[in-house]
Amino acid sequence: MKEQNIHRMTLTIPFTILHLINEIIDEKLKDGDKKSTANRNPIALDMFKIGERVLKKKREEGGN
């Protein structure tokens, strides 16, 4: 198994994004997810990963 380097950091999230994350949590809870699996950290990390892929794609295409 390949060793992963994990770097912990603290990010300040604007309230607009926090409200969106809370809406996503509410939707997950309505769909039957448990409160232990529907929390802010994994949702924020998913959003971060999606943003990273979008920015990487833009850079590959030569966009700013």
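The text that follows walks through the structure, step by step, so that each part is easy to find. (Residues numbered from 1 in each chain as written. Predicted model: local features only at pLDDT ≥ 70, side-chain atom pairs only at ≥ 80, totals over all residues. Heavy atoms only, no water.)

1. Topic: the overall build of the protein chain
When you go through the protein chain residue by residue, the secondary structure sums to two helices and zero strands. In terms of overall dimensions, the protein chain is more spread out than a globule: its C-alpha atoms have a radius of gyration of 15 Å, far above the 11 Å expected for 64 residues. Overall size of the protein chain, expressed as C-alpha extent along the three principal axes, is 40 × 35 × 25 Å. The 64 residues of the protein chain split such that 6% are buried. If you sum the accessible surface of the protein chain, you get close to 6,500 Å²; carbon and sulfur atoms cover 54% of it. If you average the places of the 13 positive and of the 10 negative side-chain charges in the protein chain, the two averages end up 4 Å apart. (Helix = DSSP H or I, 4+ residues; strand = E, 2+ residues; numbered from the N terminus. Rg over C-alpha atoms; globule rule 2.2 N^0.38 Å. Buried < 20%, exposed > 50% of the residue type's maximum accessible area, 1.4 Å probe, protein only. Areas by Shrake-Rupley, 256 points an atom, 1.4 Å probe, with all protein chains shown as cover. Lys, Arg positive; Asp, Glu negative; His and termini not counted. Charge placed at Lys NZ, Arg CZ, Asp CG, Glu CD.)

2. Considering helix 2 (residues 40-61)
An α-helical segment advances 3.6 residues per turn. Residues three or four places apart therefore align on the same side. With 22 residues, helix 2 should reach 32 Å at 1.5 Å per residue; the first-to-last C-alpha distance of 32 Å fits that figure. Capping the start of helix 2 is the job of one residue whose side-chain oxygen sits 3.4 Å from the backbone nitrogen of asparagine 41: asparagine 39. Phi turns positive, to about 90 degrees, at glycine 62, one or two residues after helix 2. (Expected span 1.5 Å × (residues − 1). Polar contact = N/O pair within 3.5 Å; in protein donor to acceptor, adjacent residues only side chain to side chain.)

3. Description of helix 1 (residues 15-30)
Here helix 1 spans 22 Å end to end across 16 residues, near enough to the 22 Å set by a 1.5 Å rise per residue. Phi turns positive one or two residues past the end of helix 1, at glycine 32, with a value near 105 degrees.

4. So, a negative patch on the surface
On the surface, Glu23, Asp26, Glu27, Asp31 and Asp33 cluster together to form a negatively charged patch. Examined against the element boundaries, aspartate 31 turns out to sit in the loop between helix 1 and helix 2. Overall, the relative accessible area of 69% leaves aspartate 31 in the exposed class. (Patch = residues over 30% accessible without salt bridge, like charges linked within 9 Å, V, L, I, M, F, W, Y side chains within 5 Å. Salt bridge = Lys/Arg side-chain N within 4 Å of Asp/Glu carboxyl O.)

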